[in-house]
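# Geometric and topological summary
Each chain, written out:
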Amino acid sequence: MLGGAAAHCETKQPASSKDGEYFDAKGNPTYHISPDGKVDWYTYSGFLRYSSECLRCHGPDGMGSSYAPALVDSLKTIDYPTFLATVAGGKRNLGAGQERVMPSLGTDKNVMCYIDDIYVYLKARSDGALGRNRPAEHEPKPKAWAAAQDSCMGSE
Ligand code: HEC
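Structure report, in brief. (Residues numbered from 1 in each chain as written. Predicted model: local features only at pLDDT ≥ 70, side-chain atom pairs only at ≥ 80, totals over all residues. Heavy atoms only, no water.)

For the rest of this paragraph, the subject is the overall build of the chain. The number of helices and strands found in the chain is 7 helices and 5 strands. Shown N-terminal to C-terminal, the secondary structure of the chain runs as helices and strands in the order β-β-β-α-α-α-α-β-β-α-α-α. Here the chain, with 156 residues, has 40% of them falling under the buried criterion. Here the analysis covers contacts within the chain between residues at least 6 apart in sequence; of these, 60% occur between residues at least 24 apart. Accessible surface for the chain amounts to roughly 8700 Å². Of this, 53% is attributable to carbon and sulfur atoms. (Helix = DSSP H or I, 4+ residues; strand = E, 2+ residues; numbered from the N terminus. Buried < 20%, exposed > 50% of the residue type's maximum accessible area, 1.4 Å probe, protein only. Contact = heavy atoms within 4.5 Å. Areas by Shrake-Rupley, 256 points an atom, 1.4 Å probe, with all protein chains shown as cover.)

Right, here's the structure in full:
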């Protein structure tokens, strides 16, 4: 089976972790994938959120579509702050008679409350650390994640 564990040997290890969330050396969120292919909760949540909020334009598993670019490629060059700014503010490329629009999603809680999750999921895909489809196994949902979700989704 071509699964999440396929490329785990090349997976970069996170520099630190806190309450089930993982960070790289710069302190930006990142993924954690165990040798058996089990992903951290944020990465798993990111897969679910990507699939509900981004897939319809960017294609399954970040692979792109005829309308929107493959985010598995974009994240090889786009860093975390640029990713946040693009999703929040949108992007509009006017060229060759075609208007392609990345909507500005900065007020959409279904996106912004899970933006780190979506980022680490796409980063894992982009680094080749995670295969296509739903990750088979994941770490348990951290209490800190659930608390942050409640406060983000509940606030007006
Ligand atoms: C309605 C369709 C649509 C939806 C929904 C959508 N996007 Fe996009 N997105 C686009 C298009 C089209 C572009 C290319 C815009 C351009 O090149 O100017 C784009 C561009 C981007 C880029 C910049 C890529 C690059 O290579 O510069 C990022 C990052 C991005 N989208 C992330 C997301 C994420 C994350 C989600 C889900 C939360 C999402 N998008 C949802 C249509 C969409």
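Additional details are given in the paragraphs that follow.
Our next topic: unusual backbone geometry. Most peptide bonds are trans, and most residues other than glycine sit at a negative phi. In this structure, Asp-19 takes a positive phi of about 50° despite not being glycine. With respect to the helices and strands, the residue Asp-19 is situated in the loop between strand 1 (16-18) and strand 2 (21-23). Despite not being glycine, Asn-133 shows a phi value in the positive range, around 75°. You can see Asn-133 is positioned in the loop between helix 6 (115-126) and helix 7 (143-154). Overall, the relative accessible area of 52% leaves Asn-133 in the exposed class.

What the 3 strands build is an open sheet, ordered 1-2-3; its pairing is antiparallel. Of all strands in the sheet, those with a lone pairing partner are strand 1 and strand 3 (29-30), marking the two edges. (Pairing = 2+ DSSP bridges.)

Moving on to the packing of helix 4 (residues 80-89) against helix 6. Across the interface, helix 4 lies against helix 6 with an axial gap of 11 Å and an inter-helix angle of 125°. Taken together, the axes of helix 4 and helix 6 lie oblique to each other. You can see that helix 4 and helix 6 cross each other, and the crossing is right-handed. Residues Tyr-80, Phe-83, Leu-84 and Val-87 of helix 4 touch helix 6, and the partners they reach there are Ile-115, Asp-116, Ile-118, Tyr-119 and Leu-122. Tallied by class, the residues present in the contact of helix 4 with helix 6 amount to 8 nonpolar, no polar and 1 charged. (Axes fitted to C-alpha atoms, helices over the stretch in contact; angles between N-to-C directions. Parallel < 35°, antiparallel > 145°, perpendicular 65-115°, else oblique. Left-handed = near helix turned anticlockwise from the far one by under 90°. Nonpolar A, V, L, I, M, F, W, Y, C, P; charged D, E, K, R; others polar.)

Turning next to the nonpolar core. Counting residues in hydrophobic clusters, the biggest one holds 28 residues, and the most contacted among them are Ile-33, Phe-83 and Leu-122. Mapped by element, the contributors of at least two residues to this core are helix 1 (41-53), helix 4 and helix 6. For this core, the element with the highest residue contribution is helix 6, accounting for 7 residues. For Phe-83, the contacting residues outside a window of four places in its chain are Leu-75, Ile-78, Ile-115, Ile-118, Tyr-119 and Leu-122. (Core = buried A, V, L, I, M, F, W, Y, C linked by side-chain atoms within 4.5 Å.)

Here the iron atom of the ligand is held by His-58 (NE2) and Met-102 (SD), and the distances to it run 2.0 Å. Judged by its relative accessible area of 9%, His-58 falls in the buried class. For Met-102, a relative accessible area of 22% corresponds to the partly exposed category. (Donors = N, O, S within 2.8 Å, 3.2 Å for Na, K, Ca; no water.)

In this section: the state of the cysteines. All chains considered together, the criterion is met by 1 disulfide. Residue pairing for Cys-113: its cysteine sulfur links by disulfide to Cys-152, the two sulfurs lying 2.0 Å apart. Its S-S torsion of about -85° marks the bond between Cys-113 and Cys-152 as left-handed, since a negative value means left-handed. Of the two residues, Cys-113 sits in the loop between helix 5 (109-112) and helix 6 while Cys-152 sits in helix 7, which places them 39 residues apart along the sequence. Among the residues examined, Cys-113 registers a relative accessible area of 16% and is labelled buried. Judged by relative accessible area, which is 26%, Cys-152 ranks as partly exposed. (Disulfide = S-S within 2.5 Å.)

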